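Structural features, examined
Given next are the chains, with one letter for each unit.
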Amino acid sequence: MELIDKKIGYCFTGSFCTFRKSIDEMKKLILDKKAKIFPIMSYNSYNLDTKFGKAQDFINEIETISGNKIIHSIQDAEPIGPKDMFDILIVAPCSRQYYIKIS
């Protein structure tokens, strides 16, 4: 799939153990596929420190790699659908329970 200049919303959910792997995949989309990434984080992802790392460290890394501020509030996320902001929306990780609900 050609992703050059595609606008991708990249959602980080509260599965903190997957952040490292997910950030690495996000990086590949930017460097290898030339996609434009707009990061989105849930409230917990954005605010909670865990044994997997500090929230602020992840925030700094994600914003540096993507070149965009993280969307992290309901108010900031509300325009995503109505304004058709992204060509693709990635939810990472997307649990089986969530996937089943939307399938």
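Above this text sits the structure in question.
Here's what I pulled together on the structure shown here.

Conventions we followed
Numbers given for residues are sequential positions, taken from 1 along each chain in its written order. It should be noted that, the model being predicted, local features are given only for residues of pLDDT at least 70 and side-chain atom pairs only at 80 or more, the latter also being counted only at that level, while totals for whole chains, interfaces and linings use all residues. Excluded from the side-chain calculation are hydrogens and water; included are all heavy atoms of the structure. Interaxial angle, 0 to 180 degrees, is taken between N-to-C directions of lines fitted to C-alpha atoms, where a helix line uses only the stretch in contact. What counts as a helix is a DSSP run of H or I of at least four residues, what counts as a strand is a run of E of at least two, and both are numbered from the N terminus. Angle categories are assigned with fixed cut-offs, so that under 35 degrees is roughly parallel, over 145 is roughly antiparallel, 65 to 115 is roughly perpendicular, and the rest are oblique. When checking whether two residues touch, look at their non-hydrogen atoms; a contact exists if any pair is within 4.5 Å. Three categories are distinguished: nonpolar for Ala, Val, Leu, Ile, Met, Phe, Trp, Tyr, Cys and Pro, charged for Asp, Glu, Lys and Arg, and polar for the others, with Gly belonging to the last. When DSSP finds two or more bridges between a pair of strands, those strands are recorded as paired.

Between helix 1 (residues 19-31) and helix 3 (residues 55-66), whose axes approach to 10 Å, the crossing angle comes to 10°. Judged by the angle between their axes, helix 1 and helix 3 are roughly parallel. Only Phe58, Glu61, Ile62, Ile65 and Ser66 of helix 3 make contact with helix 1, whose side of the interface consists of Phe19, Arg20, Ile23, Met26, Lys27 and Ile30. Within the contact of helix 1 with helix 3, the residues separate by chemical class into seven nonpolar, one polar and three charged.

Before going further, it helps to spend a moment on the sheet that holds strand 1 (residues 7-12). Taken together, the three strands give an open sheet; going across it, the order is 2-1-3, and neighbouring strands pair in parallel fashion. Strands at the two margins of the open sheet, each flanked by one partner only, are strand 2 (36-41) and strand 3 (88-92). Pairwise comparison of adjacent strand axes, ignoring direction, gives a mean angle of 25° for this sheet. The pairing of strand 1 with strand 3 spans five bridges and is classified as parallel. The partner of cysteine 11 across the bridge, within strand 3, is valine 91. Across the face of the sheet, helix 1 comes into contact with strand 1, strand 2 and strand 3 while running at roughly 175° to strand 1.

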